[in-house]
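Analysis of the macromolecular model
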Amino acid sequence: MIDTDNLTKKFGDLTAVDNLTLHVNDGEVFGFLGPNGAGKTTTIRMLCCLISKTSGSATIGGYEIGNKEGSLKIRKMIGLVPDNVGLSEHLTAYDNLDFYGKIYDCSESQRKENIKRFLEMLGLWEKRNDLAGTFSKGMKQKLAIARALIHDPQILFLDEPTANLDPESAKTVREFILELKKQKKTIFLNTHNLDEAQRICDKIGILNTKLRVTGTPQDLEEAVKGKKTIVSLEQVNEKILSALKKLSLKNLTSEGNKITFDVSDPDKENWGAVEAMVLAGGHVNTVNVVGSSLEDVYLKLVRESA
Amino acid sequence: MRLSKAWLVASRDFKIFRRQKNILYSIIVFPVITSVLFPAILEFTQQRSGGLSAPGVLPNLLNSFSFFFIIGAAYIPLGIASYSIVGEKIEKSLEPLLATPLTDGEILLGKALSAVLPTLVAMYAASIVFMVGIDATTVGKLGYNYFPNSTFGVLLLILLPVAVVMSVLYSVIVSSRANDVRSANSYGILILFPLLATYLLSEVGIISLDINGLLIIAGILLAIDIALYFVSKAAFQREEILTKWK
Ligand SMILES: Nc1ncnc2c1ncn2[C@@H]1O[C@H](COP(=O)(O)OP(=O)(O)OP(=O)(O)O)[C@@H](O)[C@H]1O
Ligand SMILES: [Mg+2]
């Protein structure tokens, strides 16, 4: 559905997006992560044919970005929620949506039906005749999402749709995205929220001007492999630590009454370590194995590229 | 370029203007002044001296009054266009609009129409009130109804639209560079100076505001319109709007 090949954008001397090559399948939710200034918004703007590319190429639904006919075709089949929602504050919620429906040549009945459906799903139907300017941030964000959907686009671009939202509104928006996923819409989601990406995305890409990695959330976690064993003891002492040091465990650290080390195969390695601790007189309370989280992966990649 | 789409953009603006008192005022004030004040001045001076508006001087005076319609027609769009474009900038509402299948030209034309049409309606309505008012106060002196006449016809139907278009295009350009309505307006006002200068030159007799004079001015403004059209079109492009507009 979305294919980019060495897509690059430069603003003067500054390279905002560097040779981005990625592929998003039909009906997939793609999470685009990256620090501030990584080029996420710039990428969305190029894909929505809002700004030109400097080099490389990209197709959306088979149409090429960067030429006039392709751009027009692409703009017909996408919906965009920009990072600044950009509602007409002096129009009612209903009129904001109705105007966009008319732009896409939706019939009157179709507009009425879609407006009602989306405003009800997002809990804004009661407020349809209020001016958008009187809405709270969260309500505006939801209204902007409804606006992007008014013509039933096949592809939806969301630029940080849950930024600035309270946990409850963020949850409504996330659930709404999952609802759209059920309807087989292709969703390109810029976000800073790793937890959100992990929960709702089929595939994740981490960008820092260059694309650092793509894959399913599970793939990414496994890519960094490293699991950790955390052993909690009654008390940690030198004797226990020196016993463990003999085992040449990786990244052995102790803090308070906890000892942590890296393992690649916990089933095999933990047993020996625990035995050594017990033989050295340690009272082992609990043994936990934790995988590296998406956050670890993210931080590692972003720091590496900094 | 689909006119219906430009009309869509303009009608959304009209809906917004209806909720904006200052826009409504800025549309109404000038026409009210020109259409009511001038007949009132004439009436007043006639009652006091009876001399200022002797039949011989009267037509010249009336032609000078008429030229204020051009200044008014150039003034009104400044407020509307700068509001509607800078307003969108402040609301950041151009980005989602630009992501739709509307073309830049359709959006620009819509924005222009939303400034041109209210101006024309207001100025033409004012001109009717003006003509009736002036005729009522001068028919006794002149012995005939001065308005309507072909000079005012040329002024209203040829010069006025060209002046409105000039002002609208100029506003678009100024608005693309301005961050708030006030600064857009203060730069916008500059477009009135050449018109005021024209008026003063006619007062001292260097140029004449008869039909020929008006047509020459219209020709000059038309040339300016064409130049401004290309500049505004260059300023009103997706990429330009999203990356260079502040
Ligand atoms: N119009 C522009 N002119 C010059 N540089 C720009 C322009 N727009 C973006 N940039 C630069 O491009 C880089 C990428 O910006 P972009 O907005 O795409 O980042 P982002 O990943 O969306 O960041 P954030 O998470 O803060 O939204 C930044 O260094 C930014 O300063
Ligand atoms: Mg961004």
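In what follows, the structure referred to is the one given above.
Residues numbered from 1 in each chain as written. Chains lettered and ligands numbered in written order. Predicted model: local features only at pLDDT ≥ 70, side-chain atom pairs only at ≥ 80, totals over all residues. Heavy atoms only, no water.

**Details of the sheet that holds strand β1 (residues 2–11) of chain A**
Strands in a sheet are paired, the pairing made by backbone hydrogen bonds, and the direction either parallel or antiparallel. All names here are of chain A. The cut-off we apply is this: Strands are labelled as partners when DSSP assigns at least two bridges between them. A run of H or I in DSSP becomes a helix once it reaches four residues, and a run of E becomes a strand once it reaches two; helices and strands are each numbered from the N terminus. The contact criterion used is simple: two residues touch if any of their non-hydrogen atoms lie within 4.5 Å. To get an axis, fit a line to the C-alpha atoms, keeping to the stretch in contact for a helix; angles then go from 0 to 180 degrees between the N-to-C directions.
Sheet architecture is open: four strands sit in the order β2-β1-β4-β5, paired in antiparallel fashion. For this open sheet the edge positions go to β2 (14–24) and β5 (63–64), each flanked by a neighbour on one side alone. Of the pairings in the sheet, the one linking β1 to strand β4 (residues 55–60) comprises five bridges and is antiparallel in character. If you follow aspartate 5 over to β4, its bridge partner there is serine 57. Contacting β1, β2 and β4, helix α1 (residues 40–47) crosses the sheet at an angle of about 115 degrees to β1.

**Topic: the interface of chain A and chain B**
The test is simple: Defined in terms of a 1.4 Å probe, buried area is the accessible area two parts forfeit on being brought together, summed over both. In what follows, salt bridge is the name for a side-chain nitrogen of Lys or Arg lying within 4 Å of a carboxyl oxygen of Asp or Glu. For this analysis, a polar contact is any N or O atom pair within 3.5 Å, provided that within protein one partner can donate a hydrogen and the other can accept it, and provided that sequence-adjacent residues contribute only side-chain to side-chain pairs. Each residue receives one of three labels: charged for Asp, Glu, Lys and Arg, nonpolar for Ala, Val, Leu, Ile, Met, Phe, Trp, Tyr, Cys and Pro, and polar for the others, Gly being one of them.
Chain A puts 32 residues into the contact, and the matching count from chain B is 24 residues. Looking at the side of chain A facing chain B, the largest losses of area belong to Leu50(A), His90(A) and Phe99(A), adding up to 24% of the total buried there. Between chain A and chain B we count four salt bridges in total. When the shortest N-O distance is used, the salt bridge between Lys9(A) and Glu239(B) registers 2.9 Å. The interface formed by chain A and chain B includes 13 residue pairs in polar contact (both at pLDDT 80 or more). Only β1, α2 (68–77), β6 (78–81) and α3 (93–103) of chain A provide two or more residues apiece to the side of chain A that touches chain B. Taken together, the residues of the side of chain A that touches chain B sort by class into 16 nonpolar, six polar and ten charged.

**Comments concerning the site of ligand 1**
As a reminder of what qualifies: Only a single heavy atom is needed: when it lies within 4 Å of a molecule or strand, its residue is near that molecule or strand.
Not every one of the 14 residues close to ligand 1 is listed here, only the nearest: Gly37(A), Lys40(A), Thr41(A), Thr42(A) and His192(A). Two or more chains meet at ligand 1, and those chains are chains A and B. Within the backbone of Ala38(A), one N or O atom sits 3.1 Å away from an oxygen atom of ligand 1. At 2.5 Å, a side-chain N or O of Thr42(A) approaches an oxygen atom of ligand 1.

**Re the pairing of strand β12 (residues 250–255) of chain A**
Residue and element names in this part refer to chain A. As a reminder of what qualifies: Note on classification: 1.4 Å probe, protein chains only; a residue is buried when its accessible area is under 20% of the maximum for its type, exposed when over 50%, partly exposed between these limits.
In terms of residue burial, β12 counts as a barely covered element, since only zero of its six residues are buried. For β12 and strand β13 (residues 258–263), the ladder comprises four bridges, and the chain directions are antiparallel. Looking at β13, one finds that glutamate 255 is bridged to lysine 258. Between β12 and β13, which follow one another and run antiparallel, lie two residues, and glycine 256 among them has a positive phi close to 60 degrees.

**Here we look at the side chain of Arg12(B)**
Among the structural elements, Arg12(B) can be located in helix α1 (residues 3–18). Classification of Arg12(B) as buried rests on a relative accessible area of 4%. A distance of 2.5 Å separates a polar atom in the side chain of Arg12(B) from a polar atom in the side chain of Glu88(B). Not counting residues within four places of it along the chain, the set of residues in contact with Arg12(B) comprises Ser88(A), Leu91(A), Phe99(A), Glu88(B), Leu97(B) and Lys111(B).

**Points about the environment of Ile200(A)**
Residues and elements named next belong to chain A. Relative to the helices and strands, isoleucine 200 resides in helix α7 (residues 194–200). Residue classification places isoleucine 200 among the buried positions, given a relative accessible area of 1%. Once the C-alpha coordinates of isoleucine 200 and proline 217 are considered, the two residues, 17 residues apart in sequence, prove to be 9.7 Å apart. The contacts of isoleucine 200, once residues within four sequence positions are left out, are Val29, Arg174, Ile177, Leu178, Lys181 and Leu189.

**Details of the sheet that holds β12(A)**
Residue and element names in this part refer to chain A. If you walk across this open sheet you meet the four strands as β12-β13-β11-β14, and the pairing is antiparallel. The outermost strands of the open sheet, each flanked by one partner alone, are β12 and β14 (284–291). Adjacent strand axes in the sheet meet at a mean angle of 15 degrees when their direction is disregarded. Two strands pair when backbone bridges link them, and strand β11 (residues 227–233) and β14 are joined in this way by seven bridges, in the antiparallel orientation. Bridging across to β14, isoleucine 230 finds its partner in asparagine 288.

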